[in-house]
Amino acid sequence: MLQKSENIGSLVKALSAVQGKLQPAAKSANNPFFKSKYADLTEVWNSCRQLLTENGLSVIQTTTVEEASNGVTVQTTLAHTSGEWITGELYMPVVKKEPQAVGSAITYARRYALSAIVGITADDDDGEAAMGRYKGASQKQATRQTTEPANPNGITQKQRHELFTKAKEAYGDDFERCMKEKLQRYGYNSTSEITKDNFEKMLIEINDVIEANKG
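Residues numbered from 1 in each chain as written. Predicted model: local features only at pLDDT ≥ 70, side-chain atom pairs only at ≥ 80, totals over all residues. Heavy atoms only, no water.

Peer 1: I'd like to hear about the overall build of the chain, residue by residue, with values.
Peer 2: For the chain, the helix and strand inventory stands at 8 helices and 6 strands. Element order for the chain, N to C, with α for helix and β for strand: β-α-β-β-α-β-β-β-α-α-α-α-α-α. Within the chain, the fraction of its 215 residues that count as buried is 37%. A fraction of 57% describes how many contacts in the chain between residues 6 or more apart in sequence connect residues 24 or more apart. (Helix = DSSP H or I, 4+ residues; strand = E, 2+ residues; numbered from the N terminus. Buried < 20%, exposed > 50% of the residue type's maximum accessible area, 1.4 Å probe, protein only. Contact = heavy atoms within 4.5 Å.)

Listed below in structure tokens is the structure:
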């Protein structure tokens, strides 16, 4: 739940100045599961740290271990030198009770919470290619072609992202090995080969693991 100081006028003005110059976070970290890149926590910080400082803003992130639900909560506060502030919380489940799994969940939550509260987006490493490929096409056509798979029976990037997110939740730090084995069992070399029918089956299997972990 979002909380804030009584007044946030100065904070909003400062944040507006930041967002006016803010650049997307660079995708420099490798995601071997999807054979793609993503913006890690360091790059998200690099995209905004100087602008926040120049405008009297700072970000404070604290964590709380939720033993009852086997998860962690990251509280992110955006504060201004005037004393104004806004804060929000993001809960992240931890699949395994081990330090690496907890650390991974905290880092994941910190990255998304920081991006959300400042307004950071990730640099689209296929953006320029998409613009060149669909130059002259309507916005609706470009959106449809960049989100739908080349194979009519294949899954979309959104569905691939859903599998990635669910796999992280189900298998924790071991998700890459587990998903590689699952892909091989279905006869695939990468997620780009997954068909719509098998996507549903794989998603059910992963959700079953998530439910089993909760039990």
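Now that the structure has been shown, the text picks up again.
Peer 1: Tell me about the side chain of Ser47, and please be specific about residues and values.
Peer 2: Along the chain, Ser47 turns up in helix H2 (residues 41-54). A relative accessible area of 15% means that Ser47 is categorised as buried.

Peer 1: If you had to explain the sheet that holds strand S4 (residues 57-66) to someone new, which residues and values would you point to?
Peer 2: Ordered in space as S1-S6-S5-S4, the 4 strands form an open sheet in which the pairing is antiparallel. Since the sheet does not close on itself, it has two edges, and those belong to strand S1 (3-4) and S4, each with one partner. Bridge analysis of S1 against strand S6 (residues 85-93) gives 2 bridges, and the strand direction is antiparallel. Following the sheet pairing, Gln3 is matched in S6 by Thr87. Contacts between helix H3 (residues 99-118) and the sheet are confined to S4, strand S5 (71-80) and S6, with S5 contributing the most and set at about 30° to the helix. (Pairing = 2+ DSSP bridges. Axes fitted to C-alpha atoms, helices over the stretch in contact; angles between N-to-C directions.)

Peer 1: I'd like a rundown of the confidence of the model for the chain, residues and numbers included.
Peer 2: Predicted coordinates in areas of low pLDDT are best not read in detail. Of the residues in the chain, 80% reach a pLDDT of 70 or more, and the chain-wide mean stands at 79. Per-element confidence in the chain is highest for helix H1 (residues 9-21), whose mean pLDDT is 95, and lowest for helix H4 (residues 127-133), whose mean pLDDT is 35. (pLDDT = per-residue confidence, 0-100.)

Peer 1: Give a description of the nonpolar core that names residues and reports values.
Peer 2: Formed by 21 residues in total, the largest nonpolar core has its most connected members in Cys48, Leu52, Leu57, Leu78, Leu114 and Val118. Elements supplying a minimum of two residues to this core: H1, H2, S4 and H3. Here the element with the most residues in this core is H2; it accounts for 6 residues. Among residues more than four places away in sequence, those in contact with Leu52 are Val18, Trp45, Leu57, Val59, Leu78 and Val118. Within the second largest apolar cluster, 17 residues are counted, among which are Ile155, Tyr188, Ile194 and Met202. (Core = buried A, V, L, I, M, F, W, Y, C linked by side-chain atoms within 4.5 Å.)

Peer 1: A description of the packing of aromatic side chains should follow, citing residues and the corresponding values.
Peer 2: One pass over the full model with this rule turns up 2 aromatic pairs. Ring centres 4.9 Å apart and planes at 45° place the aromatic pair Tyr108 and Tyr112 in the tilted group. Of this pair, Tyr108 and Tyr112 both sit in helix H3, 4 residues apart, roughly one helical turn. (Phe/Tyr/Trp six-rings, centres within 6.5 Å; stacked < 30°, edge-to-face > 60°.)

Peer 1: Pulling in residues and values, what's your account of the pairing of S6?
Peer 2: Alignment of S5 against S6, held across 9 bridges, turns out to be antiparallel. Considered in S6, the bridge of Leu78 is made with Ile86. Linking two consecutive strands that pair antiparallel, namely S5 and S6, is a turn of 4 residues; a positive phi of about 100° is found at Gly83 within it.

Peer 1: Any details on the pattern of salt bridges? Residues and values, ideally.
Peer 2: This structure, assessed with the given rule, holds 3 salt bridges. One salt bridge in this structure joins Glu205 and Lys182, with 2.7 Å as the shortest N-O distance. Note that Glu205 is positioned in helix H8 (residues 196-214) and Lys182 in helix H7 (residues 175-185), a separation of 23 residues in sequence. Among the residues examined, Glu205 registers a relative accessible area of 24% and is labelled partly exposed. Between Glu205 and Arg185 there is a salt bridge, with its nearest N and O atoms 3.1 Å apart. In this pair, Glu205 is assigned in helix H8 and Arg185 in helix H7, connecting sequence segments 20 residues apart. One salt-bridge network, held together by shared partners, links Lys182, Arg185 and Glu205. (Salt bridge = Lys/Arg side-chain N within 4 Å of Asp/Glu carboxyl O.)

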